[in-house]
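Examination of the molecular architecture
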Amino acid sequence: QVQLVESGGDLVQPGGSLRLSCAASGIIFSLYSMGWYRQAPGKQRELVASITSGGNPVYADSVKGRFTISRDNAKNTVALQMNSLKAEDTAVYYCSAWRYSQTFWGKGTQVTVSS
C-alpha cells in the first residue's frame, strides 16, 4: 500500500521559514517524480515545486527564489524548504508522487502565515 505522509506544517509569521517533509512508502521511490502542491481556501490546487527522479527541480513563479525542493532517495523522503514566507503562502500543502499514469497523494499539512 502506497503512503505519503507529510509533516512540518505550522503557524509562522510573515518572513519566517518552514521545512516540510514527506515520507514515502510502498513505491520504488527513486523511480518517481515528486512534488508539492498547495490548496488555499476557495482556490484550486496548484503545483508549488516538483523534482524529477533524476533530481531536476521545477518551481512555480510565485515561489522561485524562496522555496527549495530536495529529495533523499536513500530515506525515501522529499522536502520543501520555505523561506521568506508570505500570507499568500497560507494553504494546505500536499505531497505527490507520479510515474507514467500513476499518481499518489498525501493527506496534506497546514501552513499558516500570519502575524
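Presented here is an overview of the structure given in this document. (Residues numbered from 1 in each chain as written. Predicted model: local features only at pLDDT ≥ 70, side-chain atom pairs only at ≥ 80, totals over all residues. Heavy atoms only, no water.)

Tallied over the entire structure, the rule returns three aromatic pairs. Considering the side-chain rings of Tyr-37 and Trp-98, the 6.4 Å spacing of their centres and the 75° angle between planes classify their relative orientation as edge-to-face. You can see Tyr-37 sitting in strand β4 (residues 33–39) and its partner Trp-98 sitting in strand β9 (residues 91–99), a full 61 residues away along the chain. Exposure remark for Trp-98: the relative accessible area of 23% places this residue in the partly exposed category. Aromatic pair Tyr-37 and Trp-105: ring centres 4.9 Å apart, planes at 65°, arrangement edge-to-face. Note that Tyr-37 is positioned in strand β4 and Trp-105 in strand β10 (residues 102–105), a separation of 68 residues in sequence. Taking the relative accessible area as the measure of exposure, Trp-105 reaches 39% and is therefore partly exposed. (Phe/Tyr/Trp six-rings, centres within 6.5 Å; stacked < 30°, edge-to-face > 60°. Helix = DSSP H or I, 4+ residues; strand = E, 2+ residues; numbered from the N terminus. Buried < 20%, exposed > 50% of the residue type's maximum accessible area, 1.4 Å probe, protein only.)

By the element assignment, Arg-71 lies in strand β7 (residues 67–72). Although buried, Arg-71 forms no salt bridge, and the nearest oppositely charged side chain, Asp-72, lies 8.3 Å from it. In terms of polar contacts, Arg-71 uses its side chain to reach the backbone carbonyl oxygen of Tyr-32, at 2.8 Å. Apart from the residues lying within four places of it in its own chain, the contact partners of Arg-71 are Phe-29, Ser-30, Tyr-32, Ser-33, Met-34, Ile-51, Thr-52, Ser-53, Thr-77 and Val-78. (Lys, Arg positive; Asp, Glu negative; His and termini not counted. Salt bridge = Lys/Arg side-chain N within 4 Å of Asp/Glu carboxyl O. Polar contact = N/O pair within 3.5 Å; in protein donor to acceptor, adjacent residues only side chain to side chain. Contact = heavy atoms within 4.5 Å.)

What follows covers the sheet that holds strand β1 (residues 3–7). The strand order across the open sheet built from four strands is β1-β3-β8-β7, with neighbouring strands paired in antiparallel fashion. For this open sheet the edge positions go to β1 and β7, each flanked by a neighbour on one side alone. Averaged over all adjacent pairs, the angle separating strand axes in this sheet is 15°, with direction ignored. (Pairing = 2+ DSSP bridges. Axes fitted to C-alpha atoms, helices over the stretch in contact; angles between N-to-C directions.)

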